[in-house]
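# Structural characterization, general
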Amino acid sequence: MPRLVVLMDPIRDIRIAKDTTFALLLEAQRRGYQLDHLTQGGLAIRDGAPWAQLAPLEVRDDPADWFSLGESVWSDLRTVDVVLARKDPPVDAQFTYDTHVLQLAHDAGVLVVNHPQGLRDANEKLFAQHFPQCCAPTLVARSVAEIRRFAAEHGRIVLKPLDGMGGRSIFLSQHGDPNLNVILETLTVGGQAFAMAQKFIPEISAGDKRILMIDGVPVPYALARIPQGDDFRGNLAAGGKGIGVALSERDRWIAAQVGPELRRRGMLFVGLDVIGDWLTEVNVTSPTCLRELDAQYGLNIASQLFDVIESRLA
């Protein structure tokens, strides 16, 4: 029986109706994997070897009783077959240290999804800039003056930190906005931290599309996360409504631009964020929206991913 470890936030805190990690665990269990639960506090390195505090896990698709955990035991992480690295952002120093522990497991032959080096290198905000042909005008800088210049050039802009998730700390502003200075001072910590500015894409009204990529190939449907009320953000965590849409030709072109590089880096499960015709983010840490797409289109996206995982194990 293959053994699969999931590194995640505590499973007791998830909402299973929307939790992609939970869907992956259901599929793994259906395929006969032995499951173990792991949180950040349970990682360690002993004399150069990766160790982890693993708790045997069973999952059930029951919102009233969705998991059972056994007693956690310290184990050599090199003895497992697969690690699903699904810890939510922020991608801070502690997250980066996690990837170094996982790298030791990877180097010993454990399949880590996604690749630890890729998790370190592919910042979710910055990695899209490897594909400028796919992106709207974007600036990343610490300089408040430089970002103000960008605003003067492009008018309405979206501002965000490089380590956020779920729509947190994202601002819509524009040249002449009396709040622009304080927004920039806050995001850049007075010019000490990088912030990202992107030209505002009005097509956000039709949704911020999440395109799921499995080993560099897109699922044929995206989840358009549509802003609600007065909020310009489409993120589901910020109150956006998720509606499935078929991929457009432009969506497929963007996926074709990004997919080969994801495959080269061992990034088996990734979410692209696309607004209108433009790639805005590449989500590699814990991409979501799988359960919503499964429900709307009768899919089993987790099964597609596990077909790839098992081809790697073979």
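Placed above this text is the structure.
My aim in this report is to walk through the structure given alongside it, one point at a time. Keep in mind it's a predicted model, so treat the numbers as computed, not measured. (Residues numbered from 1 in each chain as written. Predicted model: local features only at pLDDT ≥ 70, side-chain atom pairs only at ≥ 80, totals over all residues. Heavy atoms only, no water.)

Below, the discussion takes up the packing of helix α1 (residues 20-30) against helix α8 (residues 301-313). Closest axis-to-axis distance for the α1/α8 pair is 9 Å, and the angle between their directions is 60 degrees. It follows from the interaxial angle that α1 and α8 lie oblique. As α1 packs across α8, the resulting crossing turns out to be right-handed. Together, A23, L24, E27, A28 and R30 of α1 and A302, S303, L305 and F306 of α8 make up the contact between the two elements. Residues belonging to the contact of α1 with α8 are distributed by class as follows: six nonpolar, one polar and two charged. (Axes fitted to C-alpha atoms, helices over the stretch in contact; angles between N-to-C directions. Helix = DSSP H or I, 4+ residues; strand = E, 2+ residues; numbered from the N terminus. Parallel < 35°, antiparallel > 145°, perpendicular 65-115°, else oblique. Left-handed = near helix turned anticlockwise from the far one by under 90°. Contact = heavy atoms within 4.5 Å. Nonpolar A, V, L, I, M, F, W, Y, C, P; charged D, E, K, R; others polar.)

The subject of this paragraph is the pattern of salt bridges. Within the structure shown, the criterion is met by 23 salt bridges. Between R31 and E310 there is a salt bridge, and its shortest N-O distance comes to 2.9 Å. Residue R31 is located in the loop between α1 and β2 (34-38), and its partner E310 is located in helix α8; the two are separated by 279 residues in the primary sequence. Measuring nitrogen to oxygen at the nearest pair gives 3.0 Å for the salt bridge that ties R60 to D65. Members of the salt-bridge network, linked through shared partners, are E27, R30, R31, D307 and E310. (Salt bridge = Lys/Arg side-chain N within 4 Å of Asp/Glu carboxyl O.)

Burial analysis of α1 places nine of its eleven residues in the buried class, which makes it a mostly covered element. Within α1, the full set of buried residues consists of T20, T21, F22, A23, L24, L25, L26, E27 and A28. After α1 finishes, the residue G32 shows a positive phi value of roughly 95 degrees. (Buried < 20%, exposed > 50% of the residue type's maximum accessible area, 1.4 Å probe, protein only.)

Okay, helix α2 (residues 93-107) next. Taking 1.5 Å per residue as the helical rise, α2 with its 15 residues ought to reach 21 Å, and the 21 Å between its terminal C-alpha atoms agrees with that figure. Along α2, the residues classified as buried are F95, D98, T99, V101, L102, Q103 and A105. Taken together, the buried residues of α2 touch β1 (3-7), β3 (43-46), β4 (49-59), β7 (82-85), β8 (111-113) and α3 (116-121). Two or three places before Q94, at the start of α2, stands the capping residue D92, its side-chain oxygen 3.3 Å from that residue's backbone nitrogen. Just beyond α2, the residue with positive phi is G109, at close to 105 degrees. (Expected span 1.5 Å × (residues − 1). Polar contact = N/O pair within 3.5 Å; in protein donor to acceptor, adjacent residues only side chain to side chain.)

Inspection of the entire model under this criterion finds four aromatic pairs. Ring geometry for W66 versus F67: centroids 5.8 Å apart, planes at 50 degrees, classification tilted. Here W66 falls in the buried class, since its relative accessible area comes to 17%. Overall, F67 belongs to the partly exposed group, its relative accessible area being 23%. Between F127 and F131, the aromatic rings sit 5.7 Å apart at their centres with planes inclined by 80 degrees, giving edge-to-face as the arrangement. One exposure class covers both F127 and F131, and it is buried. One residue, R156, lies across the ring of F200, its end atom 4.4 Å from the ring centre. Over the aromatic face of W278 sits the side chain of R250, whose NZ or CZ is 5.0 Å from the ring centroid. (Phe/Tyr/Trp six-rings, centres within 6.5 Å; stacked < 30°, edge-to-face > 60°. Lys NZ or Arg CZ within 6 Å of the ring centre and 35° of its normal.)

Our focus in this paragraph is the nonpolar core. If you look at the biggest cluster of nonpolar residues, it comprises 38 residues, and the most contacted ones within it are L77, V83, L262, V270, L272, L279 and V282. Residues contacting L272, with those up to four places away along its chain left out, are K209, R210, I211, M213, I254, A255, V258, L279, E281 and V282. Formed by 36 residues, the second largest nonpolar core is a distinct cluster that contains V59, V82, F269 and L305. (Core = buried A, V, L, I, M, F, W, Y, C linked by side-chain atoms within 4.5 Å.)

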